[in-house]
There are 2 protein chains.
Amino acid sequence: MASAATAVSMDPGAKINPDIQKERDTATFDPLHLTYELDGGREVTERRRYIESLAFNDPDFDCKDVAFMTREENYTNSIRTAVLCIKKLKALDIHDITEAMWYRRAAHSRIALFPALGLQGMVCHTIETMDTNRQHWLEKAQNYELLATYCQTELGHGTFLRGLETTATYDPSTEEFVMHSPTLTAMKWWPGNLGKSVTHAVVAAQLYTKGKCYGVHMFMVQLRSLEDHQSLPGIELGDIGPKMGYANIDNGFLRFTHVRIPRENMLMKYSQVEPDGTYKAPPAAKLSYGSMILIRSAIVGSMGRVLAQAVTIATRYSAVRRQSELIPGAGEPQVLDFQSQQLKLFPHIATAYAFQFAGKQMHQMYADSLDQVSSGNFNVLPELHATAAGLKAFTSSVAMAGLELLRMACGGHGYSASSGFPLLYANESPACTYEGENTVMLLQTARFLMKCVRQLKSGQSFKGAMSYLAERPQSRCSAQSENDFLNPKVLLDAYRHRAQRIVFHAAENLDKAEKSGLARPLAWNQQHLYLIRAANAHCHLAVAEIFFAGVQRSEAPEAVKKVLMTMFQMYAVHGLSEKRGEFLQDGYMTGQQLDMVDRVLIRLLKETRPNAVTLVDSFDIHDKHMGSVMGRYDGNVYENMYKWAKSAPMNDKEVKDAYHLYIGPFLKENIANSKL
Amino acid sequence: MASAATAVSMDPGAKINPDIQKERDTATFDPLHLTYELDGGREVTERRRYIESLAFNDPDFDCKDVAFMTREENYTNSIRTAVLCIKKLKALDIHDITEAMWYRRAAHSRIALFPALGLQGMVCHTIETMDTNRQHWLEKAQNYELLATYCQTELGHGTFLRGLETTATYDPSTEEFVMHSPTLTAMKWWPGNLGKSVTHAVVAAQLYTKGKCYGVHMFMVQLRSLEDHQSLPGIELGDIGPKMGYANIDNGFLRFTHVRIPRENMLMKYSQVEPDGTYKAPPAAKLSYGSMILIRSAIVGSMGRVLAQAVTIATRYSAVRRQSELIPGAGEPQVLDFQSQQLKLFPHIATAYAFQFAGKQMHQMYADSLDQVSSGNFNVLPELHATAAGLKAFTSSVAMAGLELLRMACGGHGYSASSGFPLLYANESPACTYEGENTVMLLQTARFLMKCVRQLKSGQSFKGAMSYLAERPQSRCSAQSENDFLNPKVLLDAYRHRAQRIVFHAAENLDKAEKSGLARPLAWNQQHLYLIRAANAHCHLAVAEIFFAGVQRSEAPEAVKKVLMTMFQMYAVHGLSEKRGEFLQDGYMTGQQLDMVDRVLIRLLKETRPNAVTLVDSFDIHDKHMGSVMGRYDGNVYENMYKWAKSAPMNDKEVKDAYHLYIGPFLKENIANSKL
């Protein structure tokens, strides 16, 4: 089937490698229709491609490969691109958040996935949510009369907000707050662009007034002069040094030595400090973590796209790469034909679809909850919070392990920067530790699940994603034959049973520990093993259910719905096979049934084989975004790896300084000695 | 207990962080005795420390942190260090292979784990094994009158040796071979130091003589002039470009255009080409893969040490890092007190011990096999080959996944280059794809296992690591209580049963597929799922058995033997819990038994807690080798992270060029506009 869908994602003049063309010819569906499904409609796809093309085709955004840059070059180019991008978005009159995001992503595709100065948006959001009605800071930030970042994490303090040490002490005599870092570990550490770029920051600090501490509040602080960018008195700033990735960003540190700021710089929409120092508590603080939930929700879909990018590279390369021999004399087959390779690739294609559907659902859930909240219903927040936390952790862990497995599925070449994998992994893997460390996130989900169990036991009913906990599903899996394991009901029943069993098991263990006399936090700490298992099982079910619901809702052509159903089956069956122990533990499934599951998995691999390349084409990731020689749409891998290598800075000279300084003298000395 | 053991691994003047001192005070054993056990005796430890100190204390090896270097600086410094190291080893009269390795590792500790010019040894080994008796090349290589690398992998060809495309065509008229790269994919690609450093290479090429191809043979080829280092005519050389790690090494490409070399440059110990072009086949080619097995065997122990390094960093940091609250008002506990953190750390401490024992065993097995071979017994080779391949894959996969989990267990700070994790992972993860890609390796182990099953079925008996396949173990796990799961026999029986069941299951499936009429290679390809599972189960058992045998053999003081036994139990119990499905599948274990296993795991965590820091101290990895601010012996993490960050090149100027070029003009324009 012709593949007009992705023709836009490659150089117009390039010839398609016949091995990869052959793959596209065997597809049973039109990839364009699947792209529409992911985007949410043909119009969206077309608009996205148009917006992206504005950036992809703009030579102002061209630069050399970041793998060839020094850190200094990378940082400078990243600032250049960010400033350019802001100006162009304004000139192009693109204001819609999604459209601006498409443009920004395309403009930054050659650099990194995280654009410089990217926290300005979060700062604006924070001011909007938390500042009083004065538009002072918001206007300045929106007009880029200042550059700001968001300072929360400290050298000694991360996820546990209450542990922050930075203080903001109110002085009624001057109506100022005194910002101070009382210890080394109180230094702000990690905020993006804090080191060298921003002029201002929203700073989280312990508020002291009238001798009493009222906990963490937010303050707007100017850090550098708007005249010459020098740090202001009492403020020490710097870059925190190189990291695994994010070489383009000057993550920074900040130390205050008794720095005075006006009282009005406190963001006072919720809590207030009056001129005389009287503290006024917020009426309801519940929305204060809204932007955190928003970011976690966004990570879910983003993990789907990152995994899609990785599996696109690996699948296309596997269609071009040939190795070993299956039939003597028949030549080397495509590595895509090896079952072991299919086992690495195809379940990850399915997972990338699953996570993108989950991302759309999280987006929807966030929007719906916001509606509820604005009509005064705060009850939806705990479930939203628990779901966002859990799915953020679940999807990022799976995606990052997947990225490395897919890189290694490309053999040695995956290790070359030309594959695109090293940069992708280095820049994306923080998703597991930032915005709430994954284990902490799973434990937060578990906390909500335990609350649900307590509610159930006390006779309360509830709706939403946790309602399966109240159901009484079958105690045995009903599958009699391999075909039964293609039935979504059989598959989802199994996931429901497993999650329910593990959640209740964790609750029982927790109960027992508390009844044995342990204080609740200590009892809790001794059940982490069970609680994390429960949260994972719950999230796995949630993703499977969302994926299936998405496939059911789809209005795409039958051929597309069929292949999506195969992807759902692959996702669910692969999970059964991998997590078999949790389905076997209480006899819900038998060993014989899991033997069937393995055979069904193998059948699904075969069924997917002719569609593999087209399934990744449908992700519609432009070559410029991919940043991978091995993942090119045209499949012309080897000639381009060679071209890329030739252009590497190490090849600037035939004979390097290391020869003149060390190798040459050493060899000549040894040769001379041997002649003695 | 005092810890004289590791006092040498830190700056003499440093003060120990009280949190970490407290950990050392609770240990139940002397870490020094455990270090002796790992090293193989007190004398070995003392000698190793002495040799290492020669390099650690030599200011000639000092250099700035590699994280602060450009690639060019890194490469040049790496060559400098390698040349210096060779000269110093000679001056110090250190010739023993192990001692030289200790010295080289210490000298290179600040740079990378793979020293430049490191393939000279492999080239010498290849010449010794495969060349005729003429000592020509060996002497030159040993005296460093030439620098050589080993060229096998090509742009289009890796693991499958027979697929190599480079040709060596014999021309009897001049008694020369003509080396040629007939296609782009025939270019040699990846060899270490090929790009810019070496002058010679041992090249694997398809031998053609008298119009016939005789397969891959080895040839010594001069690549660059010994006068001025220019590439010789017909030879194109270059660096293959940046990679995920190994920035210090110029992995290179090499293209031949009809390059002539003398007939004598073929390594002719086994096969020969006579002056008239007559080919003489080798009498027995079996030893030709000896150096490959040697390297794979060495990787096993090395993965144990790499994991030890990672878990040392994470455990020490977890003793210093404080977070959240367990008991309200009691302050933030050490993260080492959280069960979820213990679940990440302690099983990896156990695994690091297990793999180091496995490494010693592989070393012994290799030496024993070599003895057998020299007395004419080639029968031991297939088992040696299968074991080295499988354990290389098994240990490297587990270790690399462990490294990332341990990095993330350090939260955001693990992502900083100051943690040491990014460099460690980037430089070690190729262990999964080089020297035989892991999946291919597991399939080779599976091939041998299937051969064993066929032998068993035909009534043949055999000895060695696969002999458990012939046993008839119990069909049910005998454990009645939690304590039974501390019994090594119960634990090992379970692993034996599981491996046996899965190996036979794979063999049955293979049989069925062949009987259904599929050609053997196609049948094989359709059973990868089962075959890889079988190889992993076998390797898991092998490591557990080796670990237990090592603990039993130990002559260390009782307190050390006791803690080693706890580590063995931890390794085995954690494996049961993680791989529960494979023990439940046929009813060998029940769900109730696996509930006990989880409880035993939790008990073992508690038992390990007071010894955690001392267990990693016993790995005796010097601070200079660790290259991690967070893994310091003295635990003074934060002040040193700050110092390190201040010294980063990005902090060379308070106001960077990016401000003058982009940020400043942008802000000023926006401020001016707002005033209009």
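Within each chain, residues carry numbers counting from 1 in the order of the written sequence. Following the order in which they are written, the chains are lettered starting with A and the ligands numbered starting with 1. Only residues with pLDDT of at least 70 are given local features in this predicted model, and only at 80 or more are side-chain atom pairs given and counted; all residues enter the totals for whole chains, interfaces and linings. Processing note: side-chain calculations cover all non-hydrogen atoms of the structure and skip hydrogens and water entirely.

The name given to chain A in an unreviewed UniProt entry is Acyl-coenzyme A oxidase, with the source organism recorded as Patiria miniata. UniProt positions are given in the numbering used here, feature names are shortened, and annotations may be inferred rather than shown by experiment. What the UniProt record of chain A gives under Subcellular location (unreviewed entry) is the line "Peroxisome". Taken directly from UniProt, the Sequence similarities (unreviewed entry) text for chain A runs: "Belongs to the acyl-CoA oxidase family."

Enquirer: Any chance you could explain the nonpolar core here in plain terms?
Expert: Nonpolar side chains tend toward joint burial in soluble globular proteins. Note on terminology: a nonpolar core comprises buried Ala, Val, Leu, Ile, Met, Phe, Trp, Tyr and Cys residues joined through side-chain atoms within 4.5 Å. To sort residues, take the accessible area from a 1.4 Å probe on protein chains only and compare it with the maximum for the residue type: under 20% means buried, over 50% means exposed, and anything in between is partly exposed. Counting residues in hydrophobic clusters, the biggest one holds 380 residues, and the most contacted among them are F485 of chain A together with F485 of chain B. Where each domain starts and ends follows an automatic or database-derived domain assignment. Residues lining this core come from more than one domain, with at least three contributed by each of domain 1 (146-283) and domain 2 (286-648) of chain A. Contacts were defined at the residue level, with two residues in contact if any of their heavy atoms lie within 4.5 Å. Once residues within four sequence positions are removed from consideration, F485 of chain B is found in contact with C477, A479, V490, L491, V573, L576, M589, Q593, M596, V597 and V600 of chain B.

Enquirer: Would you take a moment to explain the environment of L443 of chain B for this structure?
Expert: A run of H or I in DSSP counts as a helix once it spans at least four residues, and a run of E counts as a strand once it spans at least two, with each numbered from the N terminus. Mapping L443 of chain B onto the fold places it in helix α13 (residues 438-457). Taking the C-alpha atoms as reference, L443 of chain B lies 6.1 Å from I532 of chain B; in sequence the two are 89 residues apart. In contact with L443 of chain B, other than residues within four places in its own chain, are S340 of chain A together with W524, H528, L531 and I532 of chain B.

Enquirer: Teacher, can you tell me more about the pairing of strand β8 (residues 252-256) of chain B here?
Expert: Within a regular strand, the side chains alternate between the two sheet faces. Residues and elements named next belong to chain B. The buried count for β8 comes to four of five residues, which makes it a mostly enclosed element. Here strand β4 (residues 188-189) pairs with β8 via two bridges, running antiparallel. Bridged to K188 within β8 is L254. Here a strand pair is declared whenever DSSP counts at least two bridges between the two strands.

Enquirer: Quick question: what am I supposed to make of the pairing of strand β5 (residues 200-209) of chain B here?
Expert: Residues and elements named next belong to chain B. By the criterion of burial, β5 is predominantly enclosed, with nine of the ten residues buried. Bridge count for strand β1 (residues 148-151) against β5 is four bridges, and the pairing is parallel. Across the sheet, residue Y150 finds its bridge partner in β5, namely V202. Of the pairings in the sheet, the one linking strand β2 (residues 167-171) to β5 comprises three bridges and is parallel in character. Bridging from a neighbouring strand, A168 pairs with L207 of β5. Across nine bridges, β5 lies against strand β6 (residues 212-222) in antiparallel orientation.

Enquirer: Would you explain the confidence of the model for chain A in this entry?
Expert: Close inspection of predicted coordinates is inappropriate in any region flagged by low pLDDT. pLDDT measures how confident the predictor is about each residue, on a scale from 0 to 100. Summarising the model, chain A shows a mean pLDDT of 94, and 96% of its residues fall at 70 or more. Taken together, the stretch residues 1-7 of chain A has pLDDT below 50 and engages in 22 contacts with residues farther than four places along the chain or on a different chain.

Enquirer: Explanation requested: the interface of chain B and chain A in the structure shown.
Expert: In many reports, interface size means the accessible area that the parts give up when they come together. Between chain B and chain A, the residue contacts involve 140 residues of the former and 140 residues of the latter. Taking both partners together, chain B and chain A bury about 11700 Å²; carbon and sulfur atoms supply 62% of that area. Note on definitions: salt bridges are taken to be side-chain nitrogens of Lys or Arg within 4 Å of carboxyl oxygens of Asp or Glu. At the boundary of chain B and chain A, one finds 14 salt bridges. Note that E437 of chain B is salt-bridged to K344 of chain A, the shortest N-O span being 3.4 Å. For the purposes of these results, a polar contact is taken to be a pair of N or O atoms within 3.5 Å, where, inside protein, one atom must be able to donate a hydrogen and its partner to accept one; residues adjacent in sequence count only when each atom of the pair is a side-chain atom. At the junction of chain B and chain A, the tally comes to 74 residue pairs in polar contact (both at pLDDT 80 or more). By residue number, the principal contributor to the side of chain B that touches chain A is helix α23 (residues 657-675) of chain B, which donates twelve residues. Only Asp, Glu, Lys and Arg are considered charged in this grouping, and only Ala, Val, Leu, Ile, Met, Phe, Trp, Tyr, Cys and Pro are considered nonpolar; every other residue, Gly among them, is considered polar. For the side of chain B that touches chain A, the residue count by class is 61 nonpolar, 41 polar and 38 charged. In short, buried area is how much 1.4 Å probe accessible area vanishes from two parts on joining, totalled over both.

Enquirer: So what exactly am I meant to see when it comes to the UniProt feature "active site" (unreviewed entry) in chain A here?
Expert: All names here are of chain A. Sites flagged by UniProt as "active site" (unreviewed entry) map to E435. Checked against the element boundaries, E435 lands in the loop between α12 (421-428) and α13 (438-457). E435 has contacts with I295, R296, I299, K392 and M441, leaving out every residue within four places of it along the chain.

Enquirer: Please clarify how the sheet that holds strand β4 (residues 188-189) of chain A should be interpreted in this entry.
Expert: Sheet strands associate in pairs through backbone hydrogen bonding, adopting either a parallel or an antiparallel arrangement. If you walk across this open sheet you meet the three strands as β4-β8-β7 (chain A), and the pairing is antiparallel. Two strands close off the open sheet at either side, each with one partner strand: β4 and β7 (235-239) of chain A.

Enquirer: When you look at the packing of aromatic side chains in this model, what are you seeing that I'm missing?
Expert: Centre distance and the angle of the planes are the two values used to describe a pair of aromatic rings. Aromatic pairing here means that ring centres of Phe, Tyr or Trp (its six-membered ring) are within 6.5 Å. Orientation follows from the plane angle: under 30 degrees is stacked, over 60 is edge-to-face, and everything else is tilted. Counting across every chain of the model gives 35 aromatic pairs over all chains. With centroids separated by 6.2 Å and ring planes inclined at 85°, the aromatic side chains of Y415 of chain A and Y246 of chain B adopt a geometry described as edge-to-face. Placement of Y415 of chain A in the loop between α11 (380-409) and α12 and of Y246 of chain B in the loop between β7 (235-239) and β8 is noted, with the two residues assigned to different chains. A centroid spacing of 6.2 Å and a plane angle of 40° characterise the contact between Y425 of chain A and Y425 of chain B, whose relative ring orientation is tilted. Here Y425 of chain A, found in helix α12, pairs with Y425 of chain B, found in helix α12 (residues 421-428), and the two come from separate chains. In textbook terms, an aromatic cluster arises when at least three aromatic residues are bridged by ring pairs, as seen for F357, F547, F548, F568 and Y571 of chain A. In this structure, R24 of chain A is placed above the aromatic ring of Y633 of chain A, and the distance from its NZ or CZ to the ring centre is 3.6 Å. When the ring centre of W524 of chain B is taken as origin, the NZ or CZ atom of R447 of chain B, which lies over that ring, is 4.2 Å away. A ring is scored as having a charge over it whenever the NZ atom of a lysine or the CZ atom of an arginine sits within 6 Å of its centre and within 35 degrees of its normal.

Enquirer: Any chance you could explain the relation of the copies chain B and chain A here in plain terms?
Expert: Between the two chain copies there is a screw-like relation: a rotation about an axis and a shift along it. With an RMSD of 0.0 Å, chain B superimposes on chain A once it is rotated by 180° and translated 0.0 Å along the axis. Overall, the copies show the geometry of a two-fold rotation axis. Ranked by how close their C-alpha atoms come to the rotation axis, the residues of chain B are headed by G581 of chain B, at 1.7 Å. The overlap is high: 100% of the interface residues of chain B also sit at the interface in chain A, so the same surface is used on both sides. When the copies are superposed, the least-squares fit takes in the C-alpha atoms of residues with a pLDDT of at least 70 in both.

Enquirer: Would you mind showing me how to read the environment of L146 of chain B here?
Expert: Looking at the element boundaries, L146 of chain B is found in the loop between α8 (136-142) and β1. Here L146 of chain B falls in the buried class, since its relative accessible area comes to 1%. Put simply, L146 of chain B and V198 of chain B are 52 residues apart on the chain and 7.6 Å apart in space, counted from C-alpha to C-alpha. Aside from chain neighbours lying at most four places away, what touches L146 of chain B is L667 of chain A together with Q120, W137, K140, A141, T199, H200 and M220 of chain B.

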